[in-house]
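Spelled out, the chains give:
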Amino acid sequence: MTVFDIVKKNLKGNIQNYLFYFLSFMISVIVFYTFVSLQDVPEIQVRTESFEILRSIIFQASFLSVLFVGVFIWYSNSFFTKRRKKEVGLYVLLGIRKKTIGKMLFYENIILGLSALLAGILLGALFSRLFVMLLLKLLDSPMNIPFHLSFDAIIYTGMVFGCMIALTSIQAYRLIYRFKLIVFFQAEKQGEQVPETSVPYTILSFVLLACSFLVVYRPILDEPIVILGLFSLFTITGTYLLYRSVIVLLIKEIQRNKPYYYKGTNLIGFTHILHRIQGNTQLLTIISLLSAVTLTAFYMGYNEYDSVKKKAMNYAPFSYQYTSNNKAFDQQVKKVVEQDKQHPVLTQLDIPVIQMNGDISAFEYIPYGYPVNKTTIRILSCSTFYQIAKALGKKETLHLTKDQAAMIRPYLDYMNSNYIGQKLILQGNHTLSIVKTLEERIINWSEPDLYLVVSDSMFKELKEQNEPFLYKTYRVKDQEATRTTSNQLLSLAADKKIELSTFYRNYRMNIESAGVDLFLLGFLGIIFIVATGSIIYLKQLMEAYLDRDCYHTLRKIGTTKREITIIIAKQTLFVYLLPLVIGILHSTMIYTILYPRGEVFTMNVLTSIMAYVFIYFLYYVLSVYSYNKIVNSR
Amino acid sequence: METILEAKHLKKVYYNNGNAFQALDDLELTIHEGEFVGIMGPSGSGKTTLLHLLATIDEPTSGEIKIVGTDIMQLNEDQLSNFRRKQLGFVFQDYNLLDTLTVKENILLPLALEKMNVSKMEHRVEKIADRLGIRSILEKHPYQISGGQKQRTAAARAMVARPSLILADEPTGALDSKSATDLLESLKEVNELDKVTILMVTHDAFAASYCKRVIFIKDGRTFTELVKGGQSRKEFFQNVIDVLPVLGGNTHDSV
Ligand SMILES: Nc1ncnc2c1ncn2[C@@H]1O[C@H](COP(=O)(O)OP(=O)(O)O)[C@@H](O)[C@H]1O
Ligand SMILES: [Mg+2]
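Criteria and cut-off values
Residues numbered from 1 in each chain as written. Chains lettered and ligands numbered in written order. Predicted model: local features only at pLDDT ≥ 70, side-chain atom pairs only at ≥ 80, totals over all residues. Heavy atoms only, no water. Helix = DSSP H or I, 4+ residues; strand = E, 2+ residues; numbered from the N terminus. Buried < 20%, exposed > 50% of the residue type's maximum accessible area, 1.4 Å probe, protein only. Contact = heavy atoms within 4.5 Å. Lys, Arg positive; Asp, Glu negative; His and termini not counted. Salt bridge = Lys/Arg side-chain N within 4 Å of Asp/Glu carboxyl O. Polar contact = N/O pair within 3.5 Å; in protein donor to acceptor, adjacent residues only side chain to side chain. Axes fitted to C-alpha atoms, helices over the stretch in contact; angles between N-to-C directions. Parallel < 35°, antiparallel > 145°, perpendicular 65-115°, else oblique. Left-handed = near helix turned anticlockwise from the far one by under 90°. Nonpolar A, V, L, I, M, F, W, Y, C, P; charged D, E, K, R; others polar. Near = heavy atom within 4 Å. Areas by Shrake-Rupley, 256 points an atom, 1.4 Å probe, with all protein chains shown as cover. Phe/Tyr/Trp six-rings, centres within 6.5 Å; stacked < 30°, edge-to-face > 60°. Expected span 1.5 Å × (residues − 1). Arc of directions from axis to C-beta. Pairing = 2+ DSSP bridges. Core = buried A, V, L, I, M, F, W, Y, C linked by side-chain atoms within 4.5 Å.

Secondary structure summary: chain B contains 8 helices and 10 strands in total. The buried share of chain B, reckoned over its 255 residues, is 53%.

Residue and element names in this part refer to chain A. Assignment of secondary structure puts Thr168 in helix α7 (residues 151-178). You can call Thr168 buried: its relative accessible area is 2%. Beyond its immediate sequence surroundings of up to four residues, Thr168 is in contact with Tyr21, Ile73, Trp74, Asn77 and Asn109.

Let us look at the side chain of Asp169 of chain B. Residues and elements named next belong to chain B. Tracing the backbone through its elements, the reader meets Asp169 in strand β7 (residues 165-169). Buried charged residue Asp169 carries no salt bridge. Nearest counter-charge: Lys47, at 7.0 Å. Within the structure, Asp169 has its side chain in polar contact with the side chain of Thr48 (distance 3.1 Å). Not counting residues up to four positions away in its chain, the partners in contact with Asp169 are Thr48, Leu51, Val91, Phe92, Gln93 and Val201.

Moving on, we come to the environment of Gln479 of chain A. Locating Gln479 of chain A in the fold gives a position in the loop between β8 (469-476) and α15 (483-496). Note: C-alpha distance between Gln479 of chain A and Gln342 of chain A (137 residues apart in sequence) is 9.9 Å.

This part is about the packing of helix α8 (residues 199-217) of chain A against helix α17 (residues 561-594) of chain A. All names here are of chain A. Running from amino to carboxyl end, α8 crosses α17 at an angle of 30°, the nearest separation of the two axes being 9 Å. Judged on the interaxial angle alone, α17 and α8 are roughly parallel. Of the two possible hands of crossing, α8 and α17 adopt the one that is left-handed. Residues Leu209, Ser212, Phe213, Val216 and Tyr217 of α8 form the contact with α17, whose participating residues are His586, Met589, Thr592 and Ile593. Broken down by class, the residue content of the contact of α8 with α17 amounts to 6 nonpolar, 3 polar and no charged.

Here the focus is the site of ligand 1. Near ligand 1 you find 13 residues, and of these Gly44, Gly46, Lys47, Thr48 and Thr49 of chain B are the closest. At the site occupied by ligand 1, nearby residues are drawn from chains A and B. In the model, an oxygen atom of ligand 1 is placed 3.1 Å from a nitrogen or oxygen of the Gly46 of chain B main chain. At 2.5 Å, a side-chain N or O of Thr49 of chain B approaches an oxygen atom of ligand 1. Within the complex, 68% of the 560 Å² of free accessible area of ligand 1 lies under protein. At the level of secondary structure, the elements contributing two or more residues to the shell around ligand 1 comprise β1 (3-16), β2 (19-32) and α1 (47-54) of chain B. At 3 residues, α1 of chain B tops the list of elements feeding residues into the shell around ligand 1. Considering only residue class, the shell around ligand 1 consists of 4 nonpolar, 8 polar and 1 charged.

Aromatic rings considered in pairs are described by the distance between their centres and by the relative angle of their planes. Residues and elements named next belong to chain A. Applying the stated criterion across every chain, the model contains 20 aromatic pairs over all chains. Here the aromatic rings of Phe106 and Tyr173 are separated by 6.3 Å at their centres, their planes lie at 80°, and the arrangement is edge-to-face. Here Phe106, found in helix α6 (residues 98-138), pairs with Tyr173, found in helix α7; they are 67 residues apart in sequence, far enough to count as distant. Looking at Phe106, the relative accessible area reads 24%, which means it is partly exposed. Tyr173 gets classed as partly exposed once you look at its relative accessible area, which sits at 25%. Residues Tyr576 and Tyr620 carry aromatic rings whose centres are separated by 6.1 Å and whose planes lie at 80° to one another, so their mutual orientation is edge-to-face.

Right, let's get into helix α6 (residues 177-194) of chain B. Residues and elements named next belong to chain B. The terminal C-alpha atoms of α6 lie 25 Å apart, and with 18 residues this matches the ideal 26 Å at 1.5 Å per residue to within 8%. Those residues of α6 that fall on the buried side of the exposure criterion are Ser179, Ala180, Leu183, Leu184, Ser186, Leu187, Val190 and Asn191. Projection of α6 onto a plane perpendicular to its axis shows the buried side chains occupying an angular sector of 155°, all on one side. Residues Ser177, Lys178 and Leu193 are exposed on α6 and point more than 90 degrees away from its buried face. The inward-facing, buried residues of α6 contact β3 (36-40), α4 (118-132), α5 (147-160), β8 (198-202) and α7 (205-208).

Once that is clear, we can look at the interface of chain A and chain B. Residue-level contacts link 21 residues of chain A with 24 residues of chain B. Inspection of the region where chain A meets chain B yields 2 salt bridges. Close ionic contact of Arg97 of chain A with Asp78 of chain B constitutes a salt bridge, the shortest N to O distance being 3.9 Å. Among the elements of the structure, α1 (3-13) and α5 (85-93) of chain A are those that each provide at least two residues to the side of chain A that touches chain B. Counting residues per element, the side of chain A that touches chain B draws most heavily on α5 of chain A, which supplies 6 residues. Here the side of chain A that touches chain B is built from residues that sort into 12 nonpolar, 4 polar and 5 charged.

Time to look at the sheet that holds β1 of chain B. Strands in a sheet are paired, the pairing made by backbone hydrogen bonds, and the direction either parallel or antiparallel. Residue and element names in this part refer to chain B. Strand order in the open sheet formed by 4 strands is β2-β1-β4-β5, with antiparallel pairing between adjacent strands. Since the sheet does not close on itself, it has two edges, and those belong to β2 and β5 (70-71), each with one partner. Here 5 bridges tie β1 to strand β4 (residues 62-67), and the two strands are oriented antiparallel to one another. Bridging from a neighbouring strand, Leu5 pairs with Ile67 of β4. Set on the sheet, α1 makes contact with β1, β2 and β4; between it and β2 the angle comes to about 65°.

Residues and elements named next belong to chain B. Here β3 lies mainly inside the structure; 5 of its 5 residues are buried. Side-chain alternation along β3 places Phe36, Gly38 and Met40 on one buried face and Val37 and Ile39 on a second face that is also buried. Pairing between β3 and β8: 5 bridges, direction parallel. Each residue of the ladder has a partner; that of Gly38, found in β8, is Met200. Sheet topology note: the β3/strand β9 (residues 213-218) ladder contains 4 bridges and is parallel. Of the residues in β9, the one forming a bridge with Val37 is Arg213.

All names here are of chain B. A sheet is described by the order of its strands in space; here 6 strands give the open sequence β6-β7-β8-β3-β9-β10, paired in mixed fashion. Both edges of this open sheet fall to β6 (88-92) and β10 (221-227), since each of them pairs with a single strand only. Ignoring strand direction, the axes of neighbouring strands in this sheet form an average angle of 20°. Relative to β10, β9 runs antiparallel, the two being bridged by 6 bridges.

With that settled, the discussion passes to the nonpolar core. Judged by nonpolar contacts, the single largest core of 67 residues is most densely connected at Tyr551, Ile568, Tyr576, Tyr612, Tyr616 and Val631 of chain A. With sequence-adjacent residues up to four places away left out, Val631 of chain A is seen in contact with Ala544, Asp547, Arg548, Tyr551, His552 and Ile568 of chain A. Counting 50 residues, the second-largest nonpolar core is a separate cluster that includes Val88 and Tyr91 of chain A together with Ile4 and Ala7 of chain B.

Take the pattern of salt bridges next. All names here are of chain B. Applying the stated criterion across every chain yields a total of 14 salt bridges over all chains. Of the charged contacts in the structure, one is a salt bridge between Arg213 and Glu35, with a shortest N-O distance of 2.9 Å. With a gap of 178 residues between them, Arg213 in strand β9 and Glu35 in the loop between β2 and β3 connect regions that are remote in the sequence. The pair Arg213 / Glu35 is uniform in exposure class, with both members buried. Between Arg213 and Glu225 there is a salt bridge; the shortest N-O distance is 3.2 Å. With Arg213 in strand β9 and Glu225 in strand β10, the pair connects residues that are 12 residues apart, well separated along the chain. A residue is classified by how much of its surface remains accessible, and Arg213, at 11% relative accessible area, is buried. For Glu225, a relative accessible area of 40% gives the class partly exposed. One network of salt bridges, in which partners are shared, links Glu35, Arg213 and Glu225.

So yeah, pure geometry; function would need other evidence.
This is the structure:
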């Protein structure tokens, strides 16, 4: 039996110990590989209109995930090596040279790392298929993807994780050199010191958190970046101090309440938390903040995805719309549209539009780019409006007298201006006052974008000087999937220099940006949540090993297994719940900064929170289970 | 009789966030070949500290340690490793066995490191296993055996390479009295029959009574010493017990 045999045996036999390290390494590889392989999947290249952007986003996001994966692997590696101090101690006693011990740990880490890398890439290739199908589904082009190995991704993943294996292996090699020998024979420090409570810090913490709250809800400045910056500063320091002081103060306060504190197992649970919090402050702070970021990512992605169809509908409510001035072209379009049997025509509508000049200088707010006293205005009649409303399935009613008009909110009006009660003068001295703003578009967007609806009698009168032009519009079934027809029509129109817009084109543009965003946000979110959850889990395991004796003692003095399980469940809950709650609170703040006018607790936000809580709950259960198994068996 | 161990003017001061604590204070110790020496003292008296120094895994603040004529302070790290491998065997309270290896493999680990040939290795292991009464569990893994058996495995591993000196720190500390007695009997037998030199640290008078000589330490200094001579174990036990009140227990801690 040589030293190498011991390494091999150890690797084989100690599989449970190594398993967590191995798994965390492998999962990191899977996630990373899947992610970078996306840029090399032909199906995505074909399906996405703006592939280059997707590619560069993926590339950039992969840096972020390297960071995360790196931190995570580093953490599990240090956990892993800590667990083996005793074993290393034995090797020292047996008189194995430091260099040899270093080499053993080095090779072991390399073997472990390489096999995790290999397994990760293989599984990653399988998973990436699923992920790609998921992405395509989000991009609204579901299809079956054949198994595919991406060499670029393998090389990229290999390089990134090769570096990590090298670094962790060097770290493993240095383990024996980093500490004095005696360290390997000393018991781990049992508890960390109980942190001092500091009233100034506690007050400071509250002040900082209150400031971060004020910055959001009573903004002095209007710049979101500044708000976000100040908010981050206040929140980070505030949260840190919160863990540092406030929680400690709170527990100490509980300790004063003797009847409660001395009741059953509370005594053990609270002192435990108190002793551990010193070492956990940074971790809890980081995890709270990361949770906040992750949740915000979830909200944003979800919101955006949700609004894609709405946006497209608002931009181009009709499947196809073009300016008709040529009978032959009308025929061609009709033929193309009718040929598409999968998307039968629901309604075909001709929309006469008067285009004339007007003076909007009396407007309080003039949308950007509109010449004030000679702006081009497009006018629809009220009966056309009703036809459109019927075609689009809207239930809006409109009652207009001759000098009244309704205005469709211009697409580029970001300020949500109020037009009601304002007046404009049309060419020929017709003064109209606006009595209603139509929030949803009823006609596909095109320049110039200032549409009015006027009464039929007014329309008739205007018609006499201004010959209306005709928009021909089609609405077809399943317009989200009219890729072929849409493209055909667009190229046809481009040839003839005719203005034509399709729902599909707009929808695709929106869904691609949102779908990719959602995917990336979701993906990063998953990495974050897995990393943070696993780090807490590892930390709990580490403490479990340290506390084993303490719990054995408890068992010996008559604490029942059940009671110990309850203690564990309680103190683990604390470690998971606290950052979760604080993370959720922070995230709703960030949300308020990003969507200042939106309602905070929308369905989307609640669903994201629920999903997050659920995943954390799984980690919690796993932690309690493992902890219990470590300290409460036998 | 050859001198196996000779420690002179041993001092050990721990520095902990600014506070200095003197764990060993001018301690002297000599052990000859074939002895079975017990070091007794109340908890906190510096026994483990002493053992760590002798085991060459920690360094004294000052003083001199010679083991089989070698001044271990003069050795560099690699030489120290070699030295530990050839000259020392260890039995600690917490067994320190590798769960992945069988009992047999655990025991032959030191021989494997010496690259001994397999049949010789197995012969040695079986012999020592017989002596310690663990022949029947050789193929089991440490997690399948009792604490007492684990400790005897650790003892077997400590002896198998025939080191000049075996160092044991509270080897019976985690054992029930039956297992403790078995282990101590085994150690005694090995000492008497195979002439293995043993230094055992303990705070337990019963364990100490198996030794041929017991050195008492108190506050990091040698306090007194008892030699068993012709006494029976029971008589010797009584003598050891009698020293304890003079030695004092944890009462010193409050000073
Ligand atoms: N690493 C250390 N740092 C500071 N003090 C220590 C350290 N190790 C031991 N001590 C102190 O030295 C004294 C002797 O410890 P030890 O040798 O472990 O005693 P024993 O094994 O006899 O119970 C104790 O008071 C202990 O608190
Ligand atoms: Mg001790």
